[in-house]
Amino acid sequence: MRIATWNVNSVTARLPHLLGWLERARPEVVCLQEIKCAEDAFPYEPLAALGYDATVHGAGRWNGVAILSTVGIDDVQRGLRDEPGFLEDGALLPAQEQRAMAATCAGVRVWSVYVPNGRAVGHPHYAYKLDWLAALRTTAAAELAAAPTPWAVLGDFNVAPTDADVWDIALFETSTHVTEPERRAVAALGEVGLSEVLPRPLKYDVAYTYWDYRQLHFPHNLGMRIDLVLGNNTFTGSVFDAYVDRDARKGKGTSDHAPVVVDLDR
DNA sequence: ATGTCAGACAACGTCTGA
């Protein structure tokens, strides 16, 4: 089975690229992030024509996640357990955003997640990001306590796990994505039984998954590895290959993220 | 140059978020 994750930065803007990539890579299961469309505006038909069922958690302009599958979709869950919302103004109640959903596809439990960006260290969105990652850990712990079925969380974590996962750590001194609290929050997922599937790069030394649209970052390979796959032992033990498909970042009209592809011997 | 995108709103430009 082939499972992939891809932050598409709008599923409607990316539809031609997405369809072309699905035809080439033929993953059985795909976790999408930043679909930026409501559930009823999702392009179900062209995806169904390629054999994909879809389950969607989206509301419109921002965020939004989905799971595509050619092998069935069961036990869909939208949102994390006790998922926090972003509290822009202390007077408002937190409104949960569309950043996480799960489905079971041919016996494999997958979560598609779009972790909050954080915006700036010390910004309320940064605290939200850390709270959100804590809720992800709680949710993972609760599900993993059940039967040891293959289980994985895939998506845009907006965290680079090590200094080597950004093109120049010296430029990130005051930035989000590389701070110790963010890294600890991701590493804490290891304490509930998850470990990273490390993809191989198709070119260069590091399997970056994101390159800013601006300033020729992609041609200069000024990237970050922030789209991650973490699985339980049952999942990671059946992985025989994983890579970042940087070719999907090439050319006009692409996402600023590349897909991460994982191959399982099941 | 925060130099590129995407979406929404009321526009044909400006804002927000990444």
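Everything discussed here concerns the structure shown above.
In this text the structure is predicted, and so the values were computed from the model without any measurement.

Undergrad: Hey, could you go over unusual backbone geometry for me, with residue numbers and the actual values?
TA: Backbone geometry places tyrosine 204, a non-glycine residue, at a positive phi of 65 degrees. If you trace the backbone, tyrosine 204 turns up in the loop between strand E9 (195–196) and strand E10 (210–211). You can call tyrosine 204 partly exposed: its relative accessible area is 42%.

Undergrad: So, the nonpolar core: which residues are in play, and what are the values?
TA: Counting residues in hydrophobic clusters, the biggest one holds 27 residues, and the most contacted among them are Ile3, Ile67, Val110 and Phe235. Looking at this core, the elements that each hand over two or more residues are strand E2 (29–33), strand E4 (65–69), strand E6 (100–105), strand E7 (108–114), strand E8 (151–156), strand E13 (239–244) and strand E14 (260–264). Those residues in contact with valine 110, other than ones at most four positions away along the chain, are Ile3, Val29, Cys31, Ile67, Met101, Ala102, Ala103, Cys105, Ala152 and Leu154. Residues Ala102, Tyr128, Phe157 and Leu189 belong to the second largest nonpolar core, which totals 25 residues.

Undergrad: Give me the sheet that holds E14: which residues, what numbers.
TA: Spatially, 6 strands are ordered E3-E4-E2-E1-E14-E13 in an open sheet, and the strand pairing comes out mixed. Strand pairing shows two members of the sheet lacking a second neighbour, strand E3 (53–57) and E13, which therefore form its edges. Here the average twist between neighbouring strands, direction ignored, is 15 degrees. The pairing of E3 with E4 spans 5 bridges and is antiparallel. If you follow histidine 57 over to E4, its bridge partner there is valine 65.

What counts and how
Residues numbered from 1 in each chain as written. Chains lettered and ligands numbered in written order. Predicted model: local features only at pLDDT ≥ 70, side-chain atom pairs only at ≥ 80, totals over all residues. Heavy atoms only, no water. Helix = DSSP H or I, 4+ residues; strand = E, 2+ residues; numbered from the N terminus. Buried < 20%, exposed > 50% of the residue type's maximum accessible area, 1.4 Å probe, protein only. Core = buried A, V, L, I, M, F, W, Y, C linked by side-chain atoms within 4.5 Å. Contact = heavy atoms within 4.5 Å. Pairing = 2+ DSSP bridges. Axes fitted to C-alpha atoms, helices over the stretch in contact; angles between N-to-C directions.

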